[in-house]
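This is what each chain is made of:
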Amino acid sequence: MPTLSPHEQPEPPRERSGPARPHGLRRTAESFGTDARRYDRARPAYPEALVGRVVEGSPGPEVLDVGCGTGIAGRQFLAAGCAVLGVEPDPRMADVARERGLRVEVATFEGWEAGGRLFDTLIAAQSWHWVDPAAGAAKAARVLRPRGRLAVFGHVLEPPAEVAEPFAAAYRRVAPDSPFGTRSARQPLETYLAGYARIAEDIRATGRFEEPERWRFDWEWSCTRERWLDLLPTTGGLTVLPPDRRQEILDAVGRAIDALGGRFTACFTTLATTAVRRGTP
């Protein structure tokens, strides 16, 4: 299954010597606003332990949420007492985030003008893979106050094989030429751990941050058939498909969940790479 995101990671970041990393896949990146309200309704939030750890490790309350989507993570930081500004390239996603109480400026992070503003924390909730890795880390250093924290995090989802394998088989049948269609049914956690290690490399290469830390949070999500089929159309592999092909995949997954009694438990791992900007206040 693909990782989940407020902007879906289509595949783990590739080695630098291989094909382009996900930030170059603009058609997928720009597809999530197709049904922004479903996206906001269906996507899971982030572990409160992660939010609390980021807030406690930051020098102040001002948070910049890069690729904020509909504001799922941003609202959690608002609830924790932070002042949050979102940056989101898709105006449809930004509109929903504003409806939910978030301040949002529409732009890519690379093109966004800070106008001299500085922040205590910069978060990227499963959106950092849509940012140019080298340019993004360098810009994060420029917009963070000294001792400010950069926190890049996201979910890795593993439904049981009884759900993952019918999904993968249906996708290969319906969209054999898609980059998603060649993937295995289940993606090893180690692949995503390697992706977050590469984020640490990008941060380290700026010379502007202290040594990055890597965090991990394991948890479970109980899903009914309705809940899972509400979520799947918001994932990157399905947002770009024509409706009839997407429905064929959903029907196959629905039958698989029915065979499990209409519900299952998905195992989540939420990974984070985080670092503190060098300097003194």
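Since we're looking at a predicted model, the values are computed, not measured. Every chain's residues receive numbers from 1 upward, in the order its sequence appears when written. Local features in this predicted model are restricted to residues of pLDDT 70 or higher, and side-chain atom pairs are both shown and tallied only at a pLDDT of 80 or more, whereas totals for entire chains, interfaces and linings draw on every residue. Hydrogen atoms and water are omitted, and side-chain values are computed over all heavy atoms in the structure.

**Quick notes on helix α6 (residues 133-143)**
Part 1 of the reasoning: Within α6, the full set of buried residues consists of P133, G136, A137, K139, A140, A141 and V143.
Part 2 of the reasoning: Any two residues having at least one pair of non-hydrogen atoms within 4.5 Å are treated as being in contact. A run of DSSP states H or I qualifies as a helix once it reaches four residues; a run of E qualifies as a strand once it reaches two. Both are numbered from the N-terminal end. On its buried face, α6 sits against β1 (62-66), β4 (119-125), β5 (144-158) and α8 (189-205). For the exposure calls, accessible area comes from a 1.4 Å probe over protein chains only, and a residue counts as buried if that area is under 20% of its type's maximum, exposed if over 50%, partly exposed in between.

**Some points on the packing of aromatic side chains**
Ring pairs (aromatic) are described by centroid distance and by the angle formed between their planes.
Part 1 of the reasoning: Stacked, edge-to-face and tilted are the three classes for Phe, Tyr and Trp ring pairs, Trp counted by its six-membered ring, which pair at centre distances within 6.5 Å; planes under 30 degrees apart are stacked, over 60 edge-to-face, the rest tilted. Applying the stated criterion across every chain yields a total of 8 aromatic pairs.
Part 2 of the reasoning: Between W219 and F268 the ring centres are 4.3 Å apart and the planes differ by 15°, which places this aromatic pair in the stacked class. Of this pair, W219 sits in strand β6 (residues 213-224) while F268 sits in strand β7 (residues 263-276), and the two are 49 residues apart along the sequence.
Part 3 of the reasoning: Under the relative-accessibility criterion, W219 is labelled partly exposed at 23%.
Part 4 of the reasoning: Feature note: the residues F109, W112, F119 and W128 constitute an aromatic cluster, connected by ring pairs.
Part 5 of the reasoning: Any Lys NZ or Arg CZ that is within 6 Å of a ring centre and within 35 degrees of that ring's normal is treated as a charge sitting over the ring. Across the ring face of F109, the terminal group of K139 is positioned such that the distance to the ring centre comes to 5.4 Å.

**Things to note about the nonpolar core**
Part 1 of the reasoning: Counting 28 residues, the largest nonpolar core has L64, F109, W112, L122, W128, L150 and F209 as its most contacted members.
Part 2 of the reasoning: Secondary-structure elements contributing two or more residues to this core are β1, β2 (83-88), β4, α6, β5, α8 and β7.
Part 3 of the reasoning: Looking at which element gives the most residues to this core, the answer is α8, with 5 residues.
Part 4 of the reasoning: Residues in contact with W112, not counting those within four places in the same chain, are L64, L85, V87, E105, A107, R117, F119, K139 and V143. To qualify as a nonpolar core, a set must consist of buried Ala, Val, Leu, Ile, Met, Phe, Trp, Tyr and Cys residues joined through side-chain atoms within 4.5 Å.

**Some points on the packing of helix α7 (residues 161-174) against helix α11 (residues 243-259)**
Part 1 of the reasoning: Structural elements are reduced to axes, namely lines fitted to C-alpha atoms, with helices fitted over the stretch in contact, and the angle between N-to-C directions of any two is expressed from 0 to 180 degrees. Where α7 contacts α11, the two axes come as close as 9 Å, and the packing angle between them is 155°. Viewed along their axes, α7 and α11 adopt a mutual orientation that is roughly antiparallel. The two elements α7 and α11 cross, and the hand of that crossing is right-handed. Each of E162, V163, P166, F167, A170, Y171, R173 and V174 in α7 lies in contact with α11, whose residues at this interface are R245, E248, I249, A252, V253, A256 and I257.
Part 2 of the reasoning: For the contact of α7 with α11, the residue count by class is 11 nonpolar, no polar and 4 charged. Roughly parallel covers angles under 35 degrees, roughly antiparallel covers those over 145, roughly perpendicular covers 65 to 115, and oblique covers all other angles. For a crossing to be left-handed, the near helix must be turned anticlockwise from the far one by less than a right angle; the clockwise case is right-handed. Charged residues are taken to be Asp, Glu, Lys and Arg, nonpolar residues to be Ala, Val, Leu, Ile, Met, Phe, Trp, Tyr, Cys and Pro, and polar residues to be all remaining types, Gly included.

Honestly, it's all geometry; don't read function into it.
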